[in-house]
Amino acid sequence: MSHRKAQNLEIDNLDIQILSILMKNATTPYTEIAKELIVSGGTIHVRMKKLEEMGVIKGASLEVDPQKLGYDITAFLGIYLEKGSQYNEAVKQLKTIKEIVELHYTTGEWSIFAKIVCHDTTHLREVLNEQIQGVKGIQRTETFISLEESIRRQITLE
């Protein structure tokens, strides 16, 4: 494994192994990781602190199944802006729409590509017509409804 550099601090094989374990299960206790990697629990704690300070670890979150909470529609939205200069203001307004769970500034046909979750098609229509299309600077949108999520994963560290 080659060494990676980030902010003048080395990320070594032990860091990669720790990250790999926690990316599979973020609730793995440091003591269990230490035992598996044959190091002390303190070493894991110090390495985690270093990775957080470097910005490699951005946080930990709980993953829920939106469908089990009544959100049966996942859609992707290509958003066309009137002018690229309206991007920052549009994003500021789009951040207030709770159904938008991801937003990307993209090259290509659309200025913005978003992932949204809604309860049903009526809810989707309301979000599109009453919220998203009302954002200043949005010229038009193109919607793609997901029929099935086939792959969802983190990057693999090896």
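Conventions we followed
- Residues numbered from 1 in each chain as written.
- Predicted model: local features only at pLDDT ≥ 70, side-chain atom pairs only at ≥ 80, totals over all residues.
- Heavy atoms only, no water.
- UniProt positions renumbered as here; feature names shortened; annotations may be inferred.
- Helix = DSSP H or I, 4+ residues; strand = E, 2+ residues; numbered from the N terminus.
- Buried < 20%, exposed > 50% of the residue type's maximum accessible area, 1.4 Å probe, protein only.
- Pairing = 2+ DSSP bridges.
- Core = buried A, V, L, I, M, F, W, Y, C linked by side-chain atoms within 4.5 Å.
- Contact = heavy atoms within 4.5 Å.

### What about the UniProt feature "domain: HTH asnC-type" (unreviewed entry) in the chain?
The UniProt record marks residues 11-72 with the feature "domain: HTH asnC-type" (unreviewed entry), using the residue numbering of this structure. When the span residues 11-72 is considered, its composition is 55% helix and 2% strand, and the gap between its end C-alpha atoms is 41 Å.

### Considerations on the pairing of strand S3 (residues 73-81)
With respect to burial, S3 is a largely interior element, seven of its nine residues being buried. With seven bridges connecting them, S3 and strand S5 (residues 112-118) associate as antiparallel partners. Paired with Thr 74 across the two strands is Val 117, which belongs to S5. With seven bridges joining them, S3 and strand S6 (residues 138-145) adopt antiparallel strand pairing. Within S6, the residue paired with Gly 78 across the bridge is Glu 142.

### A look at the nonpolar core
Leu 94 and Ile 132 are the most contacted members of the largest nonpolar core, which totals 21 residues. Listing elements by their share of this core, those giving two or more residues are S3, helix H4 (87-94), S5 and helix H5 (121-131). Tallying contributions element by element places S3 first for this core, with five residues. Leave out the neighbours within four places in its chain, and Ile 132 touches Leu 77, Leu 94, Ile 97, Ile 100, Ile 116, Val 127, Ile 138 and Thr 141. Judged by nonpolar contacts, the second largest core, of 16 residues, contains Leu 19, Ala 34, Met 48 and Leu 51.

### Focus on the environment of Ala 26
Structurally, Ala 26 is set in the loop between helix H1 (13-24) and helix H2 (30-37). Among the residues examined, Ala 26 registers a relative accessible area of 51% and is labelled exposed. Expressed as a C-alpha distance, the spacing of Ala 26 and Ala 60, which sit 34 residues apart in the sequence, is 6.9 Å.

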